[in-house]
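Structural features, examined
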Amino acid sequence: MGRYLIRRTLFMILVLFIVSVITFIIFVKLPASDPARRAVGRSTSPENVEAARHAFGLDQPLYVQYGRFAKGLIPWPGLFLNEDVYYSYANFVPVKEEIFSRLPVTITLAVGAATLWLLIGIPIGIISAVRRGSIWDRAAMVFALIGVSAPVFWLAYLFLYVFWFKLGWAPPSGIPIGTSVGEAVFQGVFILPWIVLSMTFAAFYARMVRGNLIETMGEDYIRTARAKGLSEKRVIYRHGLRAALTPVVTMFGLDLAVLLGGAFITETVFNLPGVGQYAVRSIFANDFPSVMGVTLFGAFFIALANLVVDVAYAFLDPRVRYT
Amino acid sequence: MRRYLKVLALVGALALVAAACGGDDGGETGATGTGATGATGELQQGGTLEIAQLADLYAAFDPQKEYSAVTWEYYRCCLLRTLLSYNGKTTAEGGADLQPDIATAMPEVSADGLTYTFTLKSGINYGDPFGDVSVISGDIVRALEREADPDASVGGYNFYYGVIDGFSDFGDGKADSIAGLETPDDSTLVVTLTEPVGYLPYLFAMAATAPIPPNGDAPLGAAEGHSTDYGRFLVATGPYQFLGAENLDFSLPADEQTPVEGYKVGRSVQMVRNPNYDPATDGLRPAYADAINVTIGGDNNDLYNKVQAGELDWVVDGIVPPQVLRAYSTDPTLQPLLHINPSDASRYVSFNLAMPPFDDVHIRKAFNLALDKEGMRTLRGGESVGEIAGHIMVNSLEDNILADYDPYATPNSAGDVTAAQAEIAQSKYDTDGDGVCDAPECSNILAVTDEEDPYPDQAALIAQNMEPLGLTFDVKNFDRGTMYTKCNAPEDQVPVCFGPSWGKDFPDGVTFGLALFDSSSIFPGCCNYSLVGASSDLLKKDGYAVTTVPSVDDQIKTANQETGDARFQAWADLDTTLMEQVVPWAPYLFDNAVDITSSRIVNYSFDQFAGVAAFDAFAIAPDAQ
């Protein structure tokens, strides 16, 4: 297992390198406006543009420019997203400072939504599988269809309009000034964002659990368990569910990691100052260091989540061993 | 079972629809009885103003970098005082007139126009943590030295200050000080110019000249070591300061200082009263609210829902949704909460004078005659969004001299094909003189526009208007930044740009005349998209067959040296020359700023300088404080 972990860590660095190269190429090749010219504003002299270009290191050859950013790939304190290179061209705030100050909001949103979609999706999937063909199964699949089909931004706007603006049941969007993330949770600021964000995942997980459980319940060892006289409840929860949930664990790790990189749409619509909102603004501002930083941050989480999930798999499924 | 499910689904959908379409009882939308504007004597200080803005600050509040009218308003109303400033009102109420602020009076100007002498008031102190430090003339020199530093002023407007003798040499590191700035004593500042320019006083109303307090022996005072982030350590001189300013510790090295609590980049701004501010020294800022909270970000429609629901008092940079505008325009109880003022910005179509067929003045004039300006305005939202533009410069910059001037006026501003065709008939591109452009240059003309609504629809209208003239277009949509880059690049040889707009930097015609039509504003400068005054060398270098284009450089230079009423007349004369002889544009709209405020707000004032509402003039109803 030790050698496996070392290999996977090195592979993670390789993934970050590939992601960074692709991101860098996109920025230098796409016909977006010159970041130096954008930084100096509308009325400018050539001297101002060159001063900005020099300040940002944009007057260096491309490989030198990339090299400055490459140092920030290494997931080590002091190196990862180092501040002398990774700072916003728009407001000069270090990217790392922005990401880490916004991380509590993103974590709160992601963990809350994840909890909700597990609490909703798994029970619905179980009920749907156990009572296959019944009205509960059909209702669950309608829910799944709606949840998977409805765009997140549409749900977000609809929920805000109905439940806040019209009914007054939920607080408005955004975290009130001077309110901490914890206080905002208790004020209910995250309720609508959690619901909106969890709906798609809950629907998907319901379908996945249903399908896995139906397949598992047809296995020989389940028939054996029933034949041995175990209660149906024990058969389902003790024997069937464990196998059915193994792929769910895999998906959950990856989905949570993706969200920790920023739930772009939910954070933007609900004006939650998380990493996703920061990423959206940086993209629209063509703020390369910020976009590079957020992209690498997200890629790091996903790569790490992959590693954690794979290791967890070995503990969940005794048949899996790594060398 | 299937029927049961269908019924369930239908009931659920109907419930949602009913909730969505129910009466407007989701929040407070009616006005209070006090109305939006009250006599000054009825207004009370107090309360916290809750506002929002969609876009982040342009340069994180760094005054030497900020090139945004919104941030300029933060500075003017609340955070920074300058030698001269404005009263935060409309042009009719003197809002475009410079007033003494830190200065005791308007500057004394030498006979040759090269020397300006300012005398500073005494007793103007800084905000925390420099509350016991008074502003002196050297502090303003410090600000200008920082403005001259190309790293500290990235993105700003230091090009304006090049007229100060020695400014550029200092910025280039060739001198230890700016020769044209002298401080014979702490209350006197003498400014010497390289050439006489009538707009110099306006430059000392800009935030880049706001004083920076001293800090030990540091050359840049409190800004030392903060070349990229001074905005997060900004020391106030106005009626407000950032929350937590008293905790700033400038005794530490710059990289160990903690930014002020009241400004969280990209998230929020919190301003509280500056305890060291003396209102007796300031006749310009009422500063009614005790505190101002600004949230940054969000969705435009959602923010205006919050204003209607009373969760917010105002949105700084939003666009009032059409249905909300309609409601506030037609409901007598809401009308007092709707505020419409000219924002001093112009929207126009710009022609490249060196590209066929727009190298022919008759084509350009015909375009002006055929354009359905009313239709263009309707596509932007109707009458509320602005006034039909009959000339280039906004009226306040010309003291309304040309308010009724429109050399290409048409019935209902809807365009006049007959008049346009008569103009086309005089063009070399109408080979048979029938009023229809039939030369190959008239077909498939490359046109560049903004990809966001409503520009594509406006482009379609323009194409429809010009078709009877024989002019057809190949319209390319780009994001705004790319559009402007292409319009500004002579080597791209773009014949016409459909999407530009322009707003003044300060209330003087130089911000239109020089910036848009002087040859010095052609690329690599900005923003003379029409190439007015381009030299034959430049035209040749960029591959143009045309060898000469009209120039107004001399007229601009002359106008720039005028002062007072003569200056207004000179800019008006330039406008007339441009519209009748050069015709670089087809202007169609002078923009309005449209605001709605919450029912808590009982006083609203529009700051003509910045083109946004004056934050310091918002008064909150006593029972809502």
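Residues numbered from 1 in each chain as written. Chains lettered and ligands numbered in written order. Predicted model: local features only at pLDDT ≥ 70, side-chain atom pairs only at ≥ 80, totals over all residues.

**Comments concerning the overall build of chain B**
- Looking only at helices and strands, chain B features 16 helices and 23 strands.
- Compactness check: chain B gives a C-alpha radius of gyration of 26 Å against a globular reference of 25 Å for 625 residues, within 12% of the reference.
- Seen along its three principal axes, the alpha-carbon backbone of chain B occupies a region of about 85 × 80 × 45 Å.
- With 625 residues in all, chain B has 57% of them scored as buried.
- The long-range fraction of contacts in chain B, counting pairs at least 24 apart against all pairs at least 6 apart in sequence, stands at 71%. (Helix = DSSP H or I, 4+ residues; strand = E, 2+ residues; numbered from the N terminus. Rg over C-alpha atoms; globule rule 2.2 N^0.38 Å. Buried ≥ 20, exposed ≤ 12 C-beta atoms within 10 Å, placed from the backbone. Contact = placed C-beta atoms within 7 Å.)

**Some words on the overall build of chain A**
- For chain A, the helix and strand inventory stands at 14 helices and 0 strands.
- Helices (α) and strands (β) of chain A occur, in sequence order from the N terminus, as α-α-α-α-α-α-α-α-α-α-α-α-α-α.
- Per-residue burial over chain A gives 41% buried out of 323 residues.

**Some words on the pairing of strand β10 (residues 268-273) of chain B**
All names here are of chain B.
- Within β10, 5 of the 6 residues are buried, which leaves it mostly tucked inside the rest of the structure.
- Pairing between strand β8 (residues 240-242) and β10: 3 bridges, direction antiparallel. Counted as the bridge partner of F242 is M271 from β10.
- Strand direction decides the pairing type here: strand β9 (residues 263-264) and β10, joined by 2 bridges, are antiparallel. For Y263, the partnering residue across the bridge sits in β10 and is V269.
- The hairpin formed by β9 and β10 contains 3 residues between the paired strands, and G266 there has a positive phi angle of roughly 75°.
- Pairing analysis gives 5 bridges linking β10 to strand β11 (residues 291-296), with the strands arranged antiparallel. Residue S268 lies in a different strand from β11, and its bridge partner there is T295. (Pairing = 2+ DSSP bridges.)

**What to know about the domain arrangement of chain A**
- Partitioning chain A into domains gives domain 1 (2-71) and domain 2 (98-284).
- Domain 1 of chain A and domain 2 of chain A are separated by 35 Å when their C-alpha centres are compared. (Domains from an automatic or database assignment.)

**A look at the confidence of the model for chain B**
Residues and elements named next belong to chain B.
- In this model, chain B carries an average pLDDT of 92, and 93% of its residues clear a pLDDT of 70 or more.
- In this model, residues 1-9 is a region of pLDDT below 50 whose contacts with residues beyond four sequence positions or in other chains number 4 contacts.
- Scoring of the predicted complex yields 0.86 for pTM and 0.82 for ipTM. (pLDDT = per-residue confidence, 0-100.)

**Topic: the confidence of the model for chain A**
- Overall, the prediction assigns chain A a mean pLDDT of 83, with 90% of residues at 70 or greater.
- Ranking the elements of chain A by mean pLDDT puts helix α2 (residues 35-40) of chain A last, at 63, and helix α8 (residues 181-186) of chain A first, at 96.

**What about the sheet that holds strand β6 (residues 181-185) of chain B?**
All names here are of chain B.
- Here 4 strands make up an open sheet; going across it, the order is β4-β5-β7-β6 and the pairing antiparallel. In this open sheet, the two edge strands, each paired with only one partner strand, are β4 (108-109) and β6.
- Of the pairings in the sheet, the one linking β6 to strand β7 (residues 188-192) comprises 3 bridges and is antiparallel in character. Across the sheet, residue E182 finds its bridge partner in β7, namely V190.
- Sitting on the sheet, helix α3 (residues 137-148) touches β6 and β7, and the angle it makes with β6 is about 165°. (Axes fitted to C-alpha atoms, helices over the stretch in contact; angles between N-to-C directions.)

**Considering the packing of helix α9 (residues 373-380) of chain B against helix α11 (residues 455-466) of chain B**
All names here are of chain B.
- Between α9 and α11, whose axes approach to 9 Å, the crossing angle comes to 160°. If you check the angle between α9 and α11, you find them roughly antiparallel. Of the two possible hands of crossing, α9 and α11 adopt the one that is right-handed. On α11, the residues that touch G375, M376 and L379 of α9 are D457, Q458 and L461. (Parallel < 35°, antiparallel > 145°, perpendicular 65-115°, else oblique. Left-handed = near helix turned anticlockwise from the far one by under 90°.)

**Structural notes on helix α13 (residues 510-517) of chain B**
- Extensive coverage of α13(B) is indicated by the burial of 8 of its 8 residues.
- All buried positions along α13(B) are accounted for by V510(B), T511(B), F512(B), G513(B), L514(B), A515(B), L516(B) and F517(B).

**Examining helix α16 (residues 564-582) of chain B**
Residues and elements named next belong to chain B.
- Between its first and last C-alpha atoms α16 spans 26 Å; for 19 residues at 1.5 Å apiece the expected length is 27 Å, and the two agree.
- Taken together, the buried positions of α16 are occupied by R567, F568, A570, W571, A572, L574, D575, L578, M579 and V582.
- Where the residues of α16 are buried, they touch α13 and α15 (553-561).
- Count one or two residues on from α16 and you reach V583, which has phi positive near 50°. (Expected span 1.5 Å × (residues − 1).)

**Quick notes on unusual backbone geometry**
All names here are of chain B.
- Cis peptide bonds are those with omega within 30 degrees of zero, and the linkage from D128 to P129 qualifies with 0°.
- By secondary structure assignment, the location of P129 is in the loop between β5 (115-119) and α3.
- The residue after C526, namely C527, is reached through a cis peptide bond having omega 15°.
- Position of C527 relative to the elements: it lies in the loop between α13 and α14 (536-541).
- Although it is not a glycine, D399 adopts a positive phi angle of roughly 55°.
- Among the structural elements, D399 can be located in the loop between β14 (386-388) and α10 (417-424).

**Brief notes about the nonpolar core**
- Core analysis: the largest hydrophobic core is formed by 272 residues, its most contacted members being I292(B), A370(B), V496(B), F498(B) and F618(B).
- Among the elements that line this core, the one with the most residues is helix α9 (residues 191-217) of chain A, at 14 residues.
- Look past the residues within four positions of I292(B) in its chain and what remains in contact with it is L49(B), I51(B), C78(B), Y240(B), M271(B) and F615(B). (Core = buried A, V, L, I, M, F, W, Y, C linked by C-beta atoms within 7 Å.)

**Focus on the packing of helix α10 (residues 220-227) of chain A against helix α11 (residues 232-260) of chain A**
Residue and element names in this part refer to chain A.
- Remark: α10 packs on α11, axes separated minimally by 11 Å, with the N-to-C direction vectors making an angle of 145°. When the axes of α10 and α11 are compared, the crossing they make is right-handed. Residue-level contacts link Y221, I222, A225 and R226 of α10 to V235, H239 and G240 of α11.
- Looking at side-chain class alone, the contact of α10 with α11 contains 4 nonpolar, 2 polar and 1 charged residues. (Nonpolar A, V, L, I, M, F, W, Y, C, P; charged D, E, K, R; others polar.)

**So, the pairing of strand β19 (residues 585-596) of chain B**
All names here are of chain B.
- Burial within β19 is extensive, with 10 of its 12 residues counted as buried.
- Across 10 bridges, strand β13 (residues 338-351) lies against β19 in antiparallel orientation. Opposite H339, over in β19, you have D595 as the bridge partner.
- Note: β14 against β19, 3 bridges, orientation antiparallel. Residue pairing in the sheet places G386 in a bridge with D591 of β19.

**A look at the environment of M579(B)**
Residues and elements named next belong to chain B.
- For M579, the position within the fold is in helix α16.
- Under the C-beta neighbour-count criterion, M579 is labelled buried, with 23 such atoms within 10 Å.
- Separated by 188 residues in sequence, M579 and H391 place their C-alpha atoms 6.5 Å apart.
- Setting aside its immediate chain neighbours within four residues, M579 contacts H391, I392 and P407.

**Describing the environment of Y160(B)**
- Its place among the elements puts Y160(B) in the loop between α3 and α4 (167-171).
- Considered as a pair, Y160(B) and L203(B) are 43 residues apart in the sequence and their alpha carbons are 7.5 Å apart.

**Regarding the environment of I122(A)**
All names here are of chain A.
- One can find I122 in helix α5 (residues 95-130).
- Between the alpha carbons of I122 and A312 there is a distance of 19 Å; along the sequence they are 190 residues apart.
- Setting aside its immediate chain neighbours within four residues, I122 contacts Y205 and V209.

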